[in-house]
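Structural overview
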Amino acid sequence: MSLDSVRAFFVAHAPDIDVIVTDASSATVALAAEAHGVLPAQIAKTICLRVGERTMLVVTSGIARLDNRKCKDQFGGKPRMLDSEEVVAATSHPVGGVCPFGLPAPLPVYCDVSLRAFDEVVPAAGATNAAVRITPQRMVELTGAVWVDVCQALVPDPIRN
């Protein structure tokens, strides 16, 4: 059902974007990067948070970590990650397939600036083996997301740089 809602979202709003379903699981950043042949940082992970009574989605680079202070300053309170049952209730998507597309009801969506480092990112698409390839700006436009800076600064990898 969740994968179907994401497919329906793209048919209605961006028919040029294909939902990619793989045989391999892409439920974690590492598995998704391997399945789609991209860097782990290019995986756009979607985190379902609650601040006070507000539930929201925050999409970040696959290697980024939320910064509690930045989140508290941005959202006006301490963020709490939802458990798997709460995530499914809020998004209809299973953990490992959570994305800002095809939601049963509108949720605020925030995209962290860590995504801007890439021309293309790969968020999940409603199932643990489904994803899309999309530019960060197009994702923002399609979801009505707001750009925020809520992650810890990424430290360059001395081996890769």
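A separate point is unusual backbone geometry. In the Ramachandran plot, Ser92 falls in the positive-phi region, its phi being about 75° despite a non-glycine side chain. Mapped onto the secondary structure, Ser92 falls in the loop between helix H4 (84–91) and strand S5 (109–112).

Let us now look at the side chain of His36. Relative to the helices and strands, His36 resides in helix H2 (residues 29–36). Owing to a relative accessible area of 7%, His36 belongs among the buried residues under this scheme. Apart from the residues within four sequence positions on either side, His36 is in contact with Ile20, Thr22, Ser26, Val122, Ala131 and Arg133.

Our next topic: the pairing of strand S2 (residues 43–51). A large share of S2 lies buried, amounting to 7 of its 9 residues. Bridge analysis of S2 against strand S6 (residues 122–123) gives 2 bridges, and the strand direction is parallel. Following the sheet pairing, Ala44 is matched in S6 by Pro123. Two elements, S2 and strand S3 (residues 54–61), share 8 bridges in a ladder whose sense is antiparallel. Bridging across to S3, Thr46 finds its partner in Val59. Connecting the antiparallel pair S2 and S3 is a turn made up of 2 residues, with Gly52 showing a positive phi of about 65°. Where S2 and strand S4 (residues 80–81) come together, 2 bridges link them in antiparallel fashion.

Further remarks concern the packing of aromatic side chains. A full pass over the atoms with the stated rule returns 4 aromatic pairs. On the basis of an interplanar angle of 55° and a centroid distance of 4.8 Å, the ring pair of Phe10 and Phe101 is categorised as tilted. Of the two residues, Phe10 is situated in helix H1 (residues 2–13) and Phe101 in the loop between H4 and S5; the sequence distance between them amounts to 91 residues. In this structure Phe10 comes out as buried when scored by relative accessible area, which is 1%. With relative accessibility at 0%, the residue Phe101 sits in the buried group. An aromatic cluster of three or more residues is present, and its members are Phe9, Phe10 and Phe101.

Moving on: the pattern of salt bridges. Scanning the entire structure with this criterion turns up 6 salt bridges. Between Asp149 and Lys70 there is a salt bridge, with the nearest N and O atoms lying 3.1 Å from each other. Pair noted here: Asp149 is in the segment after strand S8 (146–148) and Lys70 is in helix H3 (residues 68–75), with a separation of 79 residues, a long-range link. Its relative accessible area of 41% is what places Asp149 among the partly exposed residues. Between Glu120 and Arg133 there is a salt bridge, with the nearest N and O atoms lying 2.8 Å from each other. Of this pair, Glu120 sits in the loop between S5 and S6 while Arg133 sits in the loop between strand S7 (130–131) and helix H5 (136–143); the two residues are 13 residues apart in sequence, bridging distant segments of the chain. Take Glu120: its relative accessible area is 29%, and that puts it in the partly exposed class. It is possible to trace a salt-bridge network through shared partners that takes in Arg50, Arg80 and Glu86.

Parameters at a glance
- Residues numbered from 1 in each chain as written.
- Predicted model: local features only at pLDDT ≥ 70, side-chain atom pairs only at ≥ 80, totals over all residues.
- Heavy atoms only, no water.
- Helix = DSSP H or I, 4+ residues; strand = E, 2+ residues; numbered from the N terminus.
- Buried < 20%, exposed > 50% of the residue type's maximum accessible area, 1.4 Å probe, protein only.
- Contact = heavy atoms within 4.5 Å.
- Pairing = 2+ DSSP bridges.
- Phe/Tyr/Trp six-rings, centres within 6.5 Å; stacked < 30°, edge-to-face > 60°.
- Salt bridge = Lys/Arg side-chain N within 4 Å of Asp/Glu carboxyl O.

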